[in-house]
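The lines below spell out each chain.
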Amino acid sequence: MRESKQQPGSKVVPFTGEFYPTASEPTPSGNNVAAYLVIIAAALVAGLSMGAIATYQSADQVQLRQMKAQSQQLEQVKSQVCK
């Protein structure tokens, strides 16, 4: 009896022992690229939104908003007193 080793990427035909090449499966590279782009875009949006939230809640920005509100109140009082 002949013994032969199976070659990678091939299958053995039953009863005859012959090799035939298997069809290689095509890689869905287009889908992978699109998925990676979506993941990168989502990460970018998440990073930008976290940065915007951190900036909005920073101590300097909170103090600036309070000063603007106080300035508007002062202008209102000044306009009422100076009439």
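Anyway, here's the lowdown on the structure attached to this text. (Residues numbered from 1 in each chain as written. Predicted model: local features only at pLDDT ≥ 70, side-chain atom pairs only at ≥ 80, totals over all residues. Heavy atoms only, no water.)

### Re the overall build of the protein chain
What counts, and what does not: Only DSSP runs of H or I with at least four residues qualify as helices, and only runs of E with at least two residues qualify as strands; both kinds are numbered from the N terminus onward. Burial here depends on accessible area, computed with a 1.4 Å probe over protein chains only, as a share of the maximum for the residue type. Under 20% is buried, over 50% is exposed, and the range in between is partly exposed. Only the protein chains shown count as cover for residues, and the accessible areas themselves come from Shrake-Rupley with a 1.4 Å probe.
In terms of regular secondary structure, the protein chain is built from two helices and two strands. Taken from N to C terminus, the helices and strands of the protein chain fall in the order β-β-α-α. Counting over 83 residues, the protein chain shows a buried share of 1%. Of the accessible surface of the protein chain, which amounts to about 8,000 Å², a share of 61% is contributed by carbon and sulfur atoms.

### Here's the deal with a nonpolar patch on the surface
Filter applied, for reference: Only residues whose relative accessible area exceeds 30% and that form no salt bridge enter a patch; like-charged residues are grouped when within 9 Å of one another, and nonpolar side chains (Val, Leu, Ile, Met, Phe, Trp, Tyr) when within 5 Å. By convention in these notes, a salt bridge is any Lys or Arg side-chain nitrogen within 4 Å of a carboxyl oxygen on Asp or Glu.
On the surface, Tyr36, Ile39 and Ile40 cluster together into a nonpolar patch covering about 360 Å² of accessible area. Looking at where Ile39 falls in the secondary structure, it is placed in helix α1 (residues 29–56). A residue is classified by how much of its surface remains accessible, and Ile39, at 55% relative accessible area, is exposed.

### Structural notes on the pattern of salt bridges
Overall, the coordinates contain one salt bridge when judged by the stated rule. In this structure, the salt-bridge partner of Lys78 is Glu75, at a minimum N-O distance of 3.6 Å. Of this pair, Lys78 and Glu75 both sit in helix α2 (residues 59–81), three residues apart, which is roughly one turn of that helix.

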